[in-house]
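Below, each chain spelled out in residue letters.
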Amino acid sequence: MKKTRKKQTAGKPKQDSSAGETWELRLYVAGQTPKSIRAFGNLKQLCEEHLADQYSIEIIDLLKNPALARGDQIIAIPTLVRKLPEPIRKIIGDLSNTERVLVGLDIRSVA
């Protein structure tokens, strides 16, 4: 998997997040398992729909760099960590429950 970076583009309005924010996201995975691939796909779709190109995704493969799990205290995979905007938030799983992910990342409040 690769590192994905998106920057804000003029003319593409944001749908749910606050204006001017850049979202820094890290997805911790262990190789190219179906669950890891599904988590990345779900995250990419969610970001395109709700963060309007104001995000960056960093994929961290713990099979290649297991020591990196310590920094964000990763205990399960896949795990998504929202580094910015603060506060840091974590979501474990394949990110298939869109509503749970949006609320968990504080993109959308509980309805």
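Residues numbered from 1 in each chain as written. Predicted model: local features only at pLDDT ≥ 70, side-chain atom pairs only at ≥ 80, totals over all residues. Heavy atoms only, no water.

K.L.:
Account for the overall build of the chain, with residues named and values stated.
P.N.:
Secondary structure summary: the chain contains 3 helices and 5 strands in total. When the helices and strands of the chain are placed in sequence order, the string is β-β-α-β-α-β-β-α. Across the 111 residues that make up the chain, the buried fraction comes to 40%. The long-range share in the chain, meaning contacts at least 24 apart out of those at least 6 apart in sequence, stands at 68%. Per element, the accessible surface of the chain, about 6,400 Å² overall, is 51% carbon and sulfur. (Helix = DSSP H or I, 4+ residues; strand = E, 2+ residues; numbered from the N terminus. Buried < 20%, exposed > 50% of the residue type's maximum accessible area, 1.4 Å probe, protein only. Contact = heavy atoms within 4.5 Å. Areas by Shrake-Rupley, 256 points an atom, 1.4 Å probe, with all protein chains shown as cover.)

K.L.:
Go over the nonpolar core with me, naming the residues and quoting the values.
P.N.:
Grouped together as the largest cluster of nonpolar side chains are 20 residues, with contacts concentrated most on Leu27, Leu43 and Leu105. Of all the secondary structure elements, the ones that give two or more residues to this core are β2 (23-29), α1 (34-50), β3 (55-61) and α3 (98-104). Of the residues forming this core, the biggest block, 5 residues, is contributed by α1. Leave out the neighbours within four places in its chain, and Leu105 touches Trp23, Leu46, Leu80, Arg82, Arg89 and Ile91. In this structure, Tyr28, Leu62, Ile74 and Val81 belong to the second largest nonpolar core, which totals 6 residues. (Core = buried A, V, L, I, M, F, W, Y, C linked by side-chain atoms within 4.5 Å.)

K.L.:
Lay out the pattern of salt bridges in plain terms, naming residues and giving numbers.
P.N.:
Pairing is possible between side chains that carry opposite charge, provided their charged atoms lie close to one another. One pass over the full model with this rule turns up 5 salt bridges. Of the charged contacts in the structure, one is a salt bridge between Arg38 and Asp94, with a shortest N-O distance of 2.8 Å. Linking Arg38 in helix α1 with Asp94 in the loop between β5 (89-92) and α3, this pair joins segments that are 56 residues apart in sequence. Residues Asp72 and Lys83 are paired through a salt bridge, measuring 2.8 Å at the closest nitrogen-oxygen approach. Remark: Lys83 occurs in strand β4 (residues 79-84) and Asp72 occurs in the loop between α2 (68-71) and β4; sequence separation between them is 11 residues. (Salt bridge = Lys/Arg side-chain N within 4 Å of Asp/Glu carboxyl O.)

K.L.:
If you had to explain unusual backbone geometry to someone new, which residues and values would you point to?
P.N.:
Keep in mind that most residues, glycine aside, have a negative phi and that most peptide bonds are trans. Cis geometry is adopted by the peptide bond preceding Pro85, which originates at Leu84 and carries an omega value of -5 degrees. With respect to the secondary-structure elements, Pro85 resides in the loop between β4 and β5. In this structure, the amide linkage connecting Glu86 to the following residue, Pro87, adopts the cis form with an omega of 5 degrees. In this structure, Ala52 is a non-glycine residue whose phi angle is positive, near 40 degrees. Here Ala52 shows up in the loop between α1 and β3. For Ala52, a relative accessible area of 5% translates into the label buried. A positive phi is found at Gln73, a non-glycine position, where the angle reads about 55 degrees.

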